[in-house]
Structure formats: structure tokens, C-alpha cells
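Listed here are the chains, written in short residue letters.
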Amino acid sequence: VAAPEAAPQPPRRSPLAAVERRLREHGATKPLRDHVLEGVVAREKEGGHPLDVAAEEGGKLFDYATLEPARGETALLALVGQSGVGKSPTLAKLGLRLVRAGRSVVLATLDADRLGAAAQIREFGQKLRVPAIALRDTANLAAELARAPGRVDVVLIDGTGDETADVEALRRLSQQCDEAGARTRLASLVVLPATASAAALEATTSAAAPLEPVGAVVTKLDEADEPLPALEHARSHGLGLAFLTNGPDLGPHFSRASAERVADVALLGRIG
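Now for a look at the structure at hand. All of these numbers come straight from a predicted model, not from anything done at the bench.

As for the nonpolar core
Thinking step 1. In this structure, Leu145, Val155, Ile157, Val218, Leu221, Leu231 and Leu241 are the most contacted members of the largest nonpolar core, which totals 52 residues.
Thinking step 2. Of all the elements, helix α7 (residues 163-180) adds the most residues to this core, at 5 residues.
Thinking step 3. Counting 25 residues, the second largest nonpolar core, distinct from the first, contains Leu91, Ala92, Phe124 and Val217.

Structure follows, in C-alpha cells:
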């Protein structure tokens, strides 16, 4: 009696194919996929699992921004981005981290004429137990910082969502601080939502360019099916990744960007 024919076996997926599939699913461009796969192949003799090697190779392709602590001066740190990208919650998340680190923090918004914005910044100030102000006249803040040098470590400034107007207001504030004799240093972070289109990301980085941002915050990672394009956009514009946000909670959903967390986004589609 002839032996029954064995059932056909489904084709086995190679580890490299699994790496490429995950990168593709999470929005990686072909150049990024090629870089990672070439790195995995080049390190094949090391014997590491391809996904682990891919994580290392992907993470090291990005730059990471570090915010240097202000010494003997007040840091004016502004978040610049369009409306609805998560600037205000990110401001509060960053504020909480600074407060926990023992820094003296003030929350401020340039969106002083919109009641919802002023109320939200006050609410965050109450949660963090720090002052929160609406900047109707930036000269007042400059004068206050000059009167009490060193009393405030960081002023976190939320923009209006009109990047061009915000850039102008922030440059004016910096000039007013200089004229008042306040010891301040202006820095900015671009806020890039992982859910945004390529055109929206480009509009934000172009508008914020005159401020020479020190890095980028990528928000809404929990809402994006393909989170990698926002990270790649920052990379292509020379912006180091500073922070990543993946939810509404002030503490757990805010992370300093690192190679390990970027690898999670690339291969898992989320922060692990």
C-alpha cells in the first residue's frame, strides 16, 4: 500500500522577513528598512536573534536630544506645534517630571485670549502645584524674571497653535528679557503627532525653523497605526528626539526618547 502523501507545509517565514514585515507595518520607509536589514545581515555571525539585532540597529539610526539644565538663569522652554497635537498635555507631563526633579517651574500659555486654553493651563498648574499664567503681555514676564533672578528654574510655554505667530511672540519675549536684564535662555521643542500627515509635519518644522529647535516631541503614539513616519520626519530634519508620549496620563505615558523606546515603536508599534 502506498504511503499517504504528506500534507504540504506552509512556507516558513525567515527571521529577516519578519523584521521587514514589522517595519513595513509601522510605516518605515524603504531606506530605513534597508538600513536595518543590512545591519542585521552584517551581524549575523554574532548569533543574536534577528529581532533583537534589528532593535539595536533601528534605535541607533536616530539622534536623541538632551535638554541641558540652565545654570544661574531661567530656561524658557516652548512647545511649538499646530492646534490639537497634544502640546498642553505634553507641557504638563514635562512639568511634572521637572517638579519631581526638584525644579522650580512656571507654566505659561501664549493662547491668553482663548478661555479654554487659559483654564486648561490653570488646571494643570493646580495639579502640579505650580504657578500658571496666561501671557497677554510677555513684557510683564520679562520684568518679573528680572526682578527675581534665579527664583524660577524653568518657564514652560505653550503655544497657540499658530506656529508663525508663536515664533514671533517667543522671539519678542527673549528680546524683552534681554532688555530687562533677566538672565534667561530660550529653547524650543517641536511637537509632532504620530497621527499627522507628511504635509502637516512639514508645515510645523518649517514654521518652527527660525527658533532653531533643540529637538522634537512625538505625541499620540497610542493613536497611530503607523507611528514611524513622524520619527523619521524628525530625523530627516536634523531634530533629535527628546520625548515620546503614548496616552493621556501625566506620568506613565511620557518617556524620554531613547534607542530602546524607538526600537519598540519600530518593531512593536508602541512603547513596550
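As for helix α5 (residues 115-128)
Thinking step 1. Here α5 contains 14 residues, and its C-alpha end-to-end distance of 20 Å stays within 8% of the 20 Å for a straight helix at 1.5 Å per residue.
Thinking step 2. On its buried face, α5 sits against α4 (87-100), β2 (105-109) and β3 (132-134).

What about the sheet that holds strand β8 (residues 254-256)?
Thinking step 1. The 8 strands lie next to each other as β3-β2-β4-β1-β5-β6-β7-β8, forming an open sheet whose pairing is mixed. The open sheet terminates on both sides in strands that have one partner only, identified here as β3 and β8. Looking at each pair of strands side by side, their axes are set apart by 25° on average, direction ignored.
Thinking step 2. The strands that helix α8 (residues 198-208) touches are β1 (74-80) and β5 (184-193); relative to β5, the one it contacts most, it runs at about 170°.

A short note on unusual backbone geometry
Thinking step 1. Despite not being glycine, Arg129 has its phi angle at roughly 60°, a positive value.
Thinking step 2. Topologically, Arg129 is positioned in the loop between α5 and β3.
Thinking step 3. Taking the relative accessible area as the measure of exposure, Arg129 reaches 79% and is therefore exposed.
Thinking step 4. Positive phi, normally seen in glycine, also occurs at Lys220, with a value near 60°.
Thinking step 5. Residue position: Lys220 is located in the loop between β6 (215-219) and α9 (228-236).

Let's talk about the environment of Pro213
Thinking step 1. Mapped onto the secondary structure, Pro213 falls in the loop between α8 and β6.
Thinking step 2. For the pair formed by Pro213 and Leu79, sequence separation is 134 residues and the distance between their alpha carbons is 9.4 Å.
Thinking step 3. When sequence neighbours within four positions are dropped, the list of residues in contact with Pro213 reads Ser188, Val190, Ala208 and Leu239.

Side note on the packing of α8 against α9
Thinking step 1. Where α8 meets α9, the closest approach of the two axes is 11 Å, and the angle between their N-to-C directions is 30°. Judged on the interaxial angle alone, α9 and α8 are roughly parallel. For the element pair α8 and α9, the recorded crossing hand is right-handed. Two secondary-structure elements touch here, α8 through Leu201, Glu202 and Thr205 and α9 through Pro229, Ala230 and His233.
Thinking step 2. Among the residues forming the contact of α8 with α9, the class breakdown is 3 nonpolar, 2 polar and 1 charged.

Structural notes on the pattern of salt bridges
Thinking step 1. Tallied over the full model, the rule gives 16 salt bridges.
Thinking step 2. The partner of Arg33 in a salt bridge is Glu20, and the shortest N-O contact between them spans 3.7 Å. Placement of Arg33 in helix α2 (residues 30-42) and of Glu20 in helix α1 (residues 15-25) is noted, with a sequence separation of 13 residues between them.
Thinking step 3. For Asp113, the salt bridge identified is with Arg136, shortest N-O distance 3.8 Å. Of this pair, Asp113 sits in the loop between β2 and α5 while Arg136 sits in the loop between β3 and α6 (138-147), and the two are 23 residues apart along the sequence.

Things to note about the pairing of β5
Thinking step 1. The buried fraction of β5 is high, at 7 of 10 residues.
Thinking step 2. Here 7 bridges tie β1 to β5, and the two strands are oriented parallel to one another. Directly across from Val80, in β5, lies its bridge partner Val190.
Thinking step 3. Of the pairings in the sheet, the one linking β5 to β6 comprises 5 bridges and is parallel in character. Paired with Leu189 across the bridge in β6 is Gly215.
Thinking step 4. The β-α-β motif built from β5, the intervening α8 and the parallel element β6 has right-handed crossover chirality.

Calculation rules
Each residue is numbered by its place in its chain's sequence as written, counting from 1. In keeping with the model being predicted, local features are shown solely for residues with a pLDDT of at least 70 and side-chain atom pairs are shown and tallied solely at 80 or more, while totals for entire chains, interfaces and linings include all residues. Neither water nor hydrogens contribute to the side-chain values; these are computed over all heavy atoms in the structure. We call a set of buried Ala, Val, Leu, Ile, Met, Phe, Trp, Tyr and Cys residues a nonpolar core when their side-chain atoms join them within 4.5 Å. Burial classes follow relative accessibility: with a 1.4 Å probe on protein chains only, a residue under 20% of its type's maximum area counts as buried, one over 50% as exposed, and anything between as partly exposed. Every helix listed is a DSSP run of H or I at least four residues long, and every strand listed is a run of E at least two residues long, numbered separately from the N terminus. Helix span, expected: 1.5 Å multiplied by one less than the number of residues in the helix. Contact definition: two residues touch when any of their heavy atoms are within 4.5 Å. Strand pairing is assigned whenever DSSP identifies at least 2 bridges connecting the two strands. Here an angle of 0 to 180 degrees is reported between the N-to-C directions of two axes, which are lines fitted to C-alpha atoms, with helices fitted over the stretch in contact. Convention used here: angles under 35 degrees read as roughly parallel, angles over 145 as roughly antiparallel, angles from 65 to 115 as roughly perpendicular, and any remaining angle as oblique. Each crossing gets its hand from how the near helix is turned against the far one by less than a right angle, where anticlockwise is left-handed and clockwise is right-handed. Classes in brief: Ala, Val, Leu, Ile, Met, Phe, Trp, Tyr, Cys and Pro nonpolar; Asp, Glu, Lys and Arg charged; the others, Gly included, polar. Salt bridge criterion: a side-chain nitrogen from Lys or Arg within 4 Å of a carboxyl oxygen from Asp or Glu. Looking down the strands as they point away from you, a crossover is right-handed if its path from the first strand over the helix to the second goes clockwise.

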